[in-house]
Amino acid sequence: MEIDKIRNLSDDELKNEEAKAAEQLFRIRFAKSLGKQEGIGKIRSLKLDIARFKTIAKERNLATAKAGKE
């Protein structure tokens, strides 16, 4: 998912998308451990998406904390 699309998501949508990506990643890793090779190429993109979701969430938390101090 592109960073611009992620930034336009609400906080709840951001959490939902992160949970979906984490669930997908888990399922692909589980299938990989069983010997299936389907979807292995998607692991990297899912990990990057999860990192992007977490980064945006952290940025928002820091922005609200900074606004609260001022």
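Predicted, not measured: the structure shown is a model, and the values here were computed from it.

Caption draft 1: A look at the pattern of salt bridges. Evaluated as defined, the whole model comprises five salt bridges. One salt bridge connects K20 with E17, and the closest N-O pair in it is separated by 3.7 Å. With K20 and E17 both in helix 2 (residues 11-33) and three residues apart, this pair spans about one turn of that helix. Close ionic contact of D49 with R52 constitutes a salt bridge, the shortest N to O distance being 3.1 Å. With D49 and R52 both in helix 3 (residues 42-69), this residue pair falls three residues apart, about one helical turn. For R52, a relative accessible area of 31% translates into the label partly exposed.

Caption draft 2: Local environment of helix 3. Look at helix 3: 41 Å from first C-alpha to last across 28 residues, which is about the 40 Å you get at 1.5 Å a residue. Among the residues making up helix 3, those that are buried are I43, L46, D49, I50, F53 and I56. Tucked inside the fold, the buried residues of helix 3 contact helix 1 (3-7) and helix 2.

Caption draft 3: Representation of the confidence of the model for the protein within the structure. Per-residue confidence for the protein gives a mean pLDDT of 93; residues scoring 70 or more make up 100%. By mean pLDDT, the top-scoring element of the protein is helix 2 (96), and the lowest-scoring one is helix 1 (92).

Caption draft 4: Representation of the packing of helix 2 against helix 3. One can describe the packing of helix 2 onto helix 3 by two numbers: an axis separation of 9 Å at closest approach and a directional angle of 155°. By the criterion of interaxial angle, the relationship of helix 2 to helix 3 is roughly antiparallel. Two packed elements cross with a definite hand, and for helix 2 against helix 3 that hand is left-handed. Contact residues: helix 2 offers D11, L14, E17, E18, A21, A22, Q24, L25, I28, R29 and K32, while helix 3 offers K42, I43, L46, K47, I50, F53, K54, I56, A57 and R60. Across the contact of helix 2 with helix 3, the residue classes break down as 11 nonpolar, one polar and nine charged.

Caption draft 5: Spatial organisation of helix 2. Its 23 residues place the ends of helix 2 33 Å apart at the C-alpha level, agreeing with the 33 Å of an ideal helix rising 1.5 Å per residue. On its buried side, helix 2 packs onto helix 1 and helix 3. One or two residues past the end of helix 2 sits G35, with phi positive at roughly 100°.

What counts, and where the lines are drawn
- Residues numbered from 1 in each chain as written.
- Predicted model: local features only at pLDDT ≥ 70, side-chain atom pairs only at ≥ 80, totals over all residues.
- Heavy atoms only, no water.
- Salt bridge = Lys/Arg side-chain N within 4 Å of Asp/Glu carboxyl O.
- Helix = DSSP H or I, 4+ residues; strand = E, 2+ residues; numbered from the N terminus.
- Buried < 20%, exposed > 50% of the residue type's maximum accessible area, 1.4 Å probe, protein only.
- Expected span 1.5 Å × (residues − 1).
- Contact = heavy atoms within 4.5 Å.
- pLDDT = per-residue confidence, 0-100.
- Axes fitted to C-alpha atoms, helices over the stretch in contact; angles between N-to-C directions.
- Parallel < 35°, antiparallel > 145°, perpendicular 65-115°, else oblique.
- Left-handed = near helix turned anticlockwise from the far one by under 90°.
- Nonpolar A, V, L, I, M, F, W, Y, C, P; charged D, E, K, R; others polar.

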